[in-house]
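Inside the fold
What follows is each chain in one-letter form.
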Amino acid sequence: MIFVEPTNQTVDPAHPVHRGIRVEDNTFRTGDVRLLDAKSVGGITFTSNKVARLNRNTTFAAEAENPCPAPGATTSVRTVATASPYSTSPFSYRGSSGAVISGNDFDNGLNLRADLDATDPDQVTGDEVVNGADHVLPLLPTTGYTSSNAAVAAVDPTGKATAGSAGTAVITPVTQSQLGDATGVPVELTVGADPASPACIRR
């Protein structure tokens, strides 16, 4: 997404082409791609940024054991991952020095690895980023649930849903991240519906 590519064929960290680049106070929405690729840069700082996955609200979904419970019955709701963690390193430094990665908020499922080429590992420092090794943030570090209508179906933090009066309620899975809560794909509970109806087929 940010590509610093001077035309010099030989890179020497002691003689960078660019100096003093700051990437600060931005919000990035990224796919499984490189975020910052810096060649021949001396003193490059990546700080106070927010980095979110493009698909952050579709990486997980709720599933109901019984989408049509009878009034007074209970059913189990669980959360499943519908995407994979990213594998691409967000950061690459080639022939660079004085790189700092600090004070950023990263989304779940990002691989906080920095790839180094002709760059001394001691010249790349960061809060969470690991030089040359995968450091994947959990896709689902925690899971909770909310109900759109607790009178129809109340749900506790473990996913136990208790049916109340007849009607429909949307149960939404929620997980925490450095960017705040992320909501996944919800599931609808139809309390008191005919179990043979299309709405009651488990999905």
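Quick summary incoming for the structure in this document.

Cut-off values and rules
- Residues numbered from 1 in each chain as written.
- Predicted model: local features only at pLDDT ≥ 70, side-chain atom pairs only at ≥ 80, totals over all residues.
- Heavy atoms only, no water.
- Pairing = 2+ DSSP bridges.
- Helix = DSSP H or I, 4+ residues; strand = E, 2+ residues; numbered from the N terminus.
- Axes fitted to C-alpha atoms, helices over the stretch in contact; angles between N-to-C directions.
- Buried < 20%, exposed > 50% of the residue type's maximum accessible area, 1.4 Å probe, protein only.
- Polar contact = N/O pair within 3.5 Å; in protein donor to acceptor, adjacent residues only side chain to side chain.
- Contact = heavy atoms within 4.5 Å.

Notes on the sheet that holds strand β7 (residues 60–64)
Hydrogen bonds between backbone groups are what pair the strands of a sheet, and the pairing can be parallel or antiparallel. Spatial strand order, β7-β8-β17-β16: four strands in an open sheet with antiparallel pairing. Edge positions in the open sheet fall to β7 and β16 (153–155), since each of these has one partner strand only. Geometrically, the sheet is characterised by an average inter-axis angle of 30 degrees between neighbouring strands, direction not taken into account. Pairing geometry for β16 and strand β17 (residues 160–163), over three bridges, is antiparallel. Bridging across to β17, valine 155 finds its partner in alanine 161.

What about the pairing of β7?
Burial of β7 is extensive: four of the five residues sit out of reach of the surface. Taken together, the five bridges between β7 and strand β8 (residues 74–81) define a ladder with antiparallel strand orientation. The partner of phenylalanine 60 across the bridge, within β8, is alanine 81.

Quick look at the side chain of arginine 56
By the element assignment, arginine 56 lies in the loop between β6 (50–53) and β7. At 2.8 Å, the side chain of arginine 56 and the side chain of aspartate 107 are in polar contact. If sequence neighbours within four positions are ignored, arginine 56 has contacts with Arg29, Asp107, Ser177, Leu179, Gly180, Asp181, Ala182 and Thr183.

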